[in-house]
Amino acid sequence: MPAITLRRFLRLFAVSALAGVAAMVALPHDKFLRYQALNDGSAPTAYWIYERIHDDATPIDVAFIGTSRTGMSVHSRRLEDELQRRGVTAKAVNLYLVKTGVNLQYVVARELLEARTIKLLVVEIDEREDRKPHPDFIYLADTSDILAAPLLVNLNYLSDIARLPGRQAGLFIETQMRRSGLQAPGAFPPPYEGPNLDHGQFLTTLDGVKHDRRVVHTEAQMAALRAAEDAAITPPLLPASMSDVEFRLSRYYMVRILDIAAAHGVRVVFLYTPRYGGPNQPQPYLQYAARADLINPWSQLQDYRLWSDVTHVNWDGAQRLTDYVAQALADRTELR
Amino acid sequence: MLFNSYAFLFLFLPLTLLVFHGLRSRGWLGGSVASLTLASIAFYAYWRPPDTLILLGSVLFNFTIARMLVQPGENRSRVLLALGIAVNLGVLCYFKYFNFLATNLAAAGNIEYIARTIVMPIGISFFTFTQIAYLVDCRRNRTSEPNLVNYALFVTIFPHLIAGPIIHHAQMRPQFVAIARQAIDPEYIKMGMLIFVIGLAKKVLFADNLVVGADAVFNAADHGASLGSAAAWIGMVSYTLQIYFDFSGYSDMAIGLALLFGLRLPVNFDSPYKSRSIIEFWRRWHITLSAWLRDYLYIPLGGNRHGELARLRNIFVTMLLGGLWHGAGWTFVIWGALHGAYIVVNHALHIGKDRSALPEPRHTAAIKQAATLLLVMIAWVFFRAKTVPGALLLLQSLVPATAAPAQTPEGLGLVLAFWILAGSAVVLLAPNTQQLVRYSDRLAEPLILPQGPAWTALFAARPALPATPAVAIACGLLFAIAFAQLWRPQIFIYFNF
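Scoring rules and cut-offs
Just so you know, the residues in each chain are numbered from 1, in the order the chain's sequence is written. Throughout, the order in which chains and ligands are written sets their labels, letters from A for the former and numbers from 1 for the latter. It should be noted that, the model being predicted, local features are given only for residues of pLDDT at least 70 and side-chain atom pairs only at 80 or more, the latter also being counted only at that level, while totals for whole chains, interfaces and linings use all residues. Neither water nor hydrogens contribute to the side-chain values; these are computed over all heavy atoms in the structure. A run of DSSP states H or I qualifies as a helix once it reaches four residues; a run of E qualifies as a strand once it reaches two. Both are numbered from the N-terminal end. Buried, partly exposed and exposed residues are distinguished by accessible area as a fraction of the type maximum, computed with a 1.4 Å probe on protein chains only: under 20%, between the cut-offs, and over 50%, respectively. Note on definitions: a residue-residue contact is assigned when non-hydrogen atoms from the two residues lie within 4.5 Å. Each accessible area is a Shrake-Rupley result for a 1.4 Å probe, and residues are judged covered by the shown protein chains and nothing else. Segmentation of the chain into domains, including their bounds, is taken from an automatic or database domain assignment. The quantity reported as buried area is the accessible area (1.4 Å probe) lost by two parts once they are put together, taken as the sum for both. The salt bridge definition used is simple: a Lys or Arg side-chain nitrogen within 4 Å of an Asp or Glu carboxyl oxygen. Counting of polar contacts relies on pairs of N or O atoms within 3.5 Å, with two restrictions inside protein: one atom must be capable of donating a hydrogen and the other of accepting it, and residues adjacent in sequence are counted only when both atoms are side-chain atoms. Gly falls in the polar group here, along with every residue not listed as nonpolar (Ala, Val, Leu, Ile, Met, Phe, Trp, Tyr, Cys, Pro) or charged (Asp, Glu, Lys, Arg). Helix axes use the C-alpha atoms of the stretch in contact, all axes being lines fitted to C-alpha atoms, and the angles between their N-to-C directions lie in the range 0 to 180 degrees. Oblique is the label for every angle not falling under 35 degrees (roughly parallel), over 145 degrees (roughly antiparallel), or within 65 to 115 degrees (roughly perpendicular). Residue-level confidence of the predictor, termed pLDDT, takes values from 0 up to 100.

**A look at the overall build of chain A**
And step 1. Secondary structure assignment for chain A yields 13 helices and seven strands.
And step 2. C-alpha atoms of chain A, sized along the principal axes, occupy 80 × 50 × 40 Å.
And step 3. Within chain A, buried positions represent 54% of all 336 residues.
And step 4. Contacts in chain A between residues far apart in sequence, at least 24 positions, make up 77% of those at least 6 positions apart.
And step 5. About 14,800 Å² of surface is accessible on chain A, with carbon and sulfur atoms providing 56% of the total.

Right, dumping it as structure tokens:
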């Protein structure tokens, strides 16, 4: 074969590298395995979410989407009981994922709405908007979601794009191995827990650690925790007139959640999950007020004994908040 | 900045190449060399900016001492050399060995000692050794560098800065002069890309997949968990392959990167697991360190000048210190001592024998290769284990009769089995990188060696690899596959040393 010039060598190298990357991105896989891949201890619900949506025929009437604040706040079985007590029969699921980032909540919401018929979607809203995308977006999002994600003010865009070929190739291989019965034992997360995945008095994460949710801090301890949390908050970096730029990603995906719910004829309600000592109204809600109602349990959560840390209620707080939400939902028409 | 990170591959490297070759295309050859020096310092500063002061301080100190060394005066130069070596070793000892020494001395004296938090500057072992060699060479009138920028480039040039190969000034200076005066042969770029991609693939495909097996088993052993015999063997073999692919992959990447800037770095690996004796292994494994230890430790200790016993003693001491160079811990000392003992025995077996005997029968060679590999693997157990009891437990578990019934640690599945088999085939059967691309690190030879009988039959009939379209396409596809593995970059093992 003839020797080639440097220019031609570089051109052939670049074209074949790009073609190789494109081919890997296009590799198919079983989405089930994609959700299984996010099975580390810090994100204990992804595997369950997929199975609950796709493999469990138990109806889903009301679904909660959010972060660990929602995960620790709403006890779905207690909510079902409380609704029943108020004359409403409904099945509830808490499809929360730890860490913040509305883009991942959008992925879960769409997965749910495209697969199931539900009556009400309850979406978490906090006192502050997220600037950053969810770090686990690359694990769960479809290829098209990753490629078409907003580029502007999306700090993970390039790294998500770069990680995509590896994700696709890995999942493709795993899918083929699994179909051939070659998957190594022990590679799967725990067995499916049933239609409700709730955290009661204790929370056991996938790393095996059992967290006691009955813990109560003193008021001074809570004040100290709050001061530390306050110190870690980055205030808005841009003037208020440019908040659409700074928080573009959160707003973009929140609007998409509202849009896709509307397209499926599902009503959305926001649930304010305040932090300890946070404001009595979530400022970010105002921009969506015309499209969805708000459940605001702020007044119920002012006692420091209801908190396990600044952003998560303890078991007593969760019971109180769940009961409050049950009452708010029972008063609505969607579940009746 | 890791060579296998997005930041390096898609930001630092393209930018550095663009500036370097951009300046050259405008005729600013000297400026391009200066830009490479600045880029190398920026590369180092990316890790921990304050460490850059230590690096630059070390460069400045050694440059000053070397300038004074080349001035006449025998006694003066001896004192200066001793001072230079002492300061270099003093800094290295403080960062690398202070806690180890203090902890052991305190334990010996039954004194309580709380270890200090000392963060070792990355690459300090390598840039210290490089500069000690430079001082010695200056005193021996083998080399000298009057230009601080060139000297800084010699020490800091980013492909070798963190983990070698250990370079010598006499080897690099003519190359620095050449790239500052003349155009770079395009063959360097093609070959550089090819070697870099091969190294990247070794690291991210092989080493980073094999680490799963090694970590699972060694961590279990270090925690005292009972291991089955199969698991122990899998862990030991995984690590044996992992460290080869990790370090030789790094060395390939370093050589490839240097070629992109028109420089040739020395070869560091030559199929070491094909060795038929421990002596041969050390001629093929981490070649530049072996040469450094020979030239700057073994020979100054007396080498073979005072009889056979002294020679064997010097070999053992050299290997012991070589082990300690890798890390401040008893596991490294034992690893060095084991290799020292292996080589001593190996030499002792050869005393009085005629080495120019007829070629060995094939089965004898295979037995020798297997025995050598087994000894190397046993030593790697100490190198990898965090504790001596952990290493001993793993070694004990290798024997089925003594292995406790145990659960298999997680991660030892079919995927790992695939990488072990594939990795074994590569290290035992395939030609190595420089054989594949016919790279020569000898400046007197052409960059690409001509076709010769030494190459394996598999590739003997093919033309030089970098020159064909098929090779360019294969290189691009291999890069794509390696790129797909980059999303969880693992640090190189030798970055810890």
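From this point on, the discussion continues.
**Things to note about the domain arrangement of chain A**
Residues and elements named next belong to chain A.
And step 1. By domain assignment, chain A separates into domain 1 (1–30) and domain 2 (31–330).
And step 2. When each unit is reduced to the centre of its C-alpha atoms, the spacing between domain 1 and domain 2 is 40 Å.
And step 3. Interface area for domain 1 against domain 2, summed over the two sides, is near 950 Å², with a carbon-plus-sulfur share of 63%.
And step 4. When the area that domain 1 buries against domain 2 is broken down by residue, the three leading residues are V25, H29 and D30, summing to 67%.
And step 5. Run the count over domain 1 and domain 2 and you get one salt bridge.
And step 6. In this structure, D30 engages R178 in a salt bridge whose closest nitrogen and oxygen atoms are separated by 3.8 Å.
And step 7. For the pair domain 1 and domain 2, the interface holds seven residue pairs in polar contact (both at pLDDT 80 or more).

**Considerations on the interface of chain B and chain A**
And step 1. Residue-level contacts link 27 residues of chain B with 27 residues of chain A.
And step 2. The interface formed by chain B and chain A holds zero salt bridges in total.
And step 3. Linking chain B with chain A are three residue pairs in polar contact (both at pLDDT 80 or more).
And step 4. Top contributing element to the side of chain B that touches chain A by residue count: helix α20 (residues 469–484) of chain B, with twelve residues.
And step 5. In terms of residue class, the side of chain B that touches chain A is made up of 21 nonpolar, three polar and three charged.

**A short note on the side chain of N209 of chain B**
All names here are of chain B.
And step 1. Note on placement: N209 falls in helix α9 (residues 186–222).
And step 2. Under the relative-accessibility criterion, N209 is labelled buried at 18%.
And step 3. Excluding residues within four positions of it along the chain, N209 makes contact with V204, L416, W419 and Q485.

**Some remarks on the packing of helix α6 (residues 102–115) of chain A against helix α12 (residues 248–263) of chain A**
Residues and elements named next belong to chain A.
And step 1. Contact geometry for α6 and α12: axes closest at 8 Å, N-to-C directions at 10 degrees. Taken as axis vectors, α6 and α12 run roughly parallel relative to one another. Residues V102, N103, Q105, Y106, A109, R110, L113 and E114 of α6 form the contact with α12, whose own contacting residues are S250, Y253, M254, R256, I257, I260 and A261.
And step 2. A per-class count over the contact of α6 with α12 returns nine nonpolar, three polar and three charged.

**Considerations on the confidence of the model for chain A**
Do not read the predicted coordinates in detail wherever pLDDT is low.
And step 1. For chain A, mean pLDDT is 91; residues scoring 70 or higher make up 95% of the total.
And step 2. Across chain A, the secondary-structure element scoring lowest on mean pLDDT is strand β4 (residues 202–204) of chain A, at 81, and the one scoring highest is strand β3 (residues 120–125) of chain A, at 98.

**A word on the domain arrangement of chain B**
Residues and elements named next belong to chain B.
And step 1. Each assigned domain of chain B is listed here: domain 1 (6–186) and domain 2 (187–351 + 360–496).
And step 2. Measuring from the centre of the C-alpha atoms in domain 1 to the corresponding centre in domain 2 gives 25 Å.
And step 3. With 47 residues of domain 1 at the interface, the matching set in domain 2 holds 40 residues.
And step 4. For the domain 1 and domain 2 pair, buried surface summed over both sides reaches about 3,800 Å², with 73% attributable to carbon and sulfur atoms.
And step 5. Sorting the residues of domain 1 by area buried against domain 2 places F100, F129 and P165 first, and these three jointly supply 15% of that buried surface.
And step 6. For the pair domain 1 and domain 2, the number of links is zero salt bridges.
And step 7. For the interface between domain 1 and domain 2, the tally reads 16 residue pairs in polar contact (both at pLDDT 80 or more).

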